[in-house]
Amino acid sequence: MNTKKLFKEYSLNTYTRCGPVFVKGKGSWLWDQAGNKYLDLFPGWGVSILGHAHSKVVEAMSKQAKKLIHLPNNLYFEEQALLAEEIVKKSFPSKVFFANSGAEAVEGAIKFSRLFGKGKKYEIISMKNSFHGRTFGALSATAQEAYKKPFKPVLPGFKAAKFNDFESFKKQVTPKTVAVILELIQGEGGVNIASKEYIRKLKDFCKKKKILVIIDEVQTGMGRTAKLFCCQHYHLIPDILILSKGLGAGVPISALVINKKIADLIKPGMHASTFGGSPLVSKVSYQVFKIIEEDKLIENAQEKGSYLLKRLYDLRNKFSFIKEVRGIGLMVGLELKIDSYPIFLECLKKKLLINSTHKKVLRIMPALNVTRLELDKGLKILEEVLSKFKVK
Ligand SMILES: Cc1ncc(COP(=O)(O)O)c(C=O)c1O
């Protein structure tokens, strides 16, 4: 079977696909049709935080599939209730709504913010270089012109401030501002880390002005930054926390974790999602929390993340075209003075999967259970590849 030909003929051309046809994965490794083995240091675009085919995930999934896969959300079932309890216990006093993807959760956050604004306040400030997804609300919040241009007009009521610039944020605030939405580490935007001072000022200002703080942790959540949630680095309790990607470690799930003051406004019939928090995905996600705890993966993310950063600083000293190395935990980026995509392609040829984003940034987000040996192997390939490039 020629898989690539089938894609070309039958799949909508929305993705720049590359590389071989993959057939199986285990941990930080993938295999292609020809049996070649690849080291995956960007598993599932940040989704597969436990690596591929984790045995406890597989077990939870297959056991649950035999018991109960789906129920509609007008019925009670324990899997979703237990997961909601787990998320609240691990985050802050809140209530949880389950959806399927990051963008769908962002849509919910926009709706609930507008509900909170009671028709009088509806403007939402987001950050330049942000990424919140491709549906219309999420796209409107994504302050990157290129993504919106072909689909204009986008949703009204969105304003963009410069990331990490409190004065720029303040300038966008009007009496109609209901919320601010941001990633604490911009992922797709190039691994840009919010400063603690900036978040402190923003948090204090929003509290005073009754502006909701929505934190999009679709990418930074679930131990990625060596805390279960990145907002814990900032001692920040958001009004709405958005989780997805690692939350299901591969099954499609997202969650809106909603502060009590907003949660109490939401009544039956205002919002829904057919597949949201089904028994199957809820059971798996619950198991993900347990695995992170039992296998001490936050600690591993801390230790391996520090090691990875240290090794990348060494590479920065060696290659003058590496402008900056940034990262927290296992969310790491290398900003280059040259295009990053050809480097990504060259790594792929050498059987290493990383990511290229924002034209000049290489992004590395390994599974939380990555080993030092695996990192060493990946760094060796990366160094070999980088040595072929220079500033033009
Ligand atoms: C921070 C952030 N928010 C939202 C999204 C959108 O998620 P999804 O692709 O699941 O809709 C992404 C996707 O990469 C993301 O990184």
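Everything here concerns the structure above.
Residues numbered from 1 in each chain as written. Predicted model: local features only at pLDDT ≥ 70, side-chain atom pairs only at ≥ 80, totals over all residues. Heavy atoms only, no water.

**What about the site of the ligand?**
Ser 101, Gly 102, Ala 103, Phe 131, His 132, Gly 133, Glu 183, Asp 216, Val 218, Gln 219 and Lys 245 make up every residue found near the ligand. The separation between an oxygen atom of the ligand and a polar main-chain atom of Gly 102 is 2.9 Å. With respect to the ligand, the side chain of Gln 219 contributes an N or O atom lying 2.8 Å from an oxygen atom. Relative to its free-state accessible area of 400 Å², the ligand is covered by the protein chains to the extent of 82%. Looking at the shell around the ligand residue by residue, the class counts come to 3 nonpolar, 5 polar and 3 charged. (Near = heavy atom within 4 Å. Polar contact = N/O pair within 3.5 Å; in protein donor to acceptor, adjacent residues only side chain to side chain. Areas by Shrake-Rupley, 256 points an atom, 1.4 Å probe, with all protein chains shown as cover. Nonpolar A, V, L, I, M, F, W, Y, C, P; charged D, E, K, R; others polar.)

**What to know about the environment of Met 61**
By the element assignment, Met 61 lies in helix H2 (residues 55–67). Considered as a pair, Met 61 and Cys 18 are 43 residues apart in the sequence and their alpha carbons are 29 Å apart. Apart from the residues within four sequence positions on either side, Met 61 is in contact with Val 251, Leu 280 and Val 284. (Helix = DSSP H or I, 4+ residues; strand = E, 2+ residues; numbered from the N terminus. Contact = heavy atoms within 4.5 Å.)

**Things to note about the sheet that holds strand E3 (residues 37–40)**
The 4 strands lie next to each other as E1-E2-E3-E15, forming an open sheet whose pairing is mixed. Of all the strands in the sheet, the pair left with one neighbour each is strand E1 (22–26) and strand E15 (352–353). Relative to strand E2 (residues 29–32), E1 runs antiparallel, the two being bridged by 4 bridges. The residue of E2 that forms the bridge with Gly 25 is Leu 30. (Pairing = 2+ DSSP bridges.)

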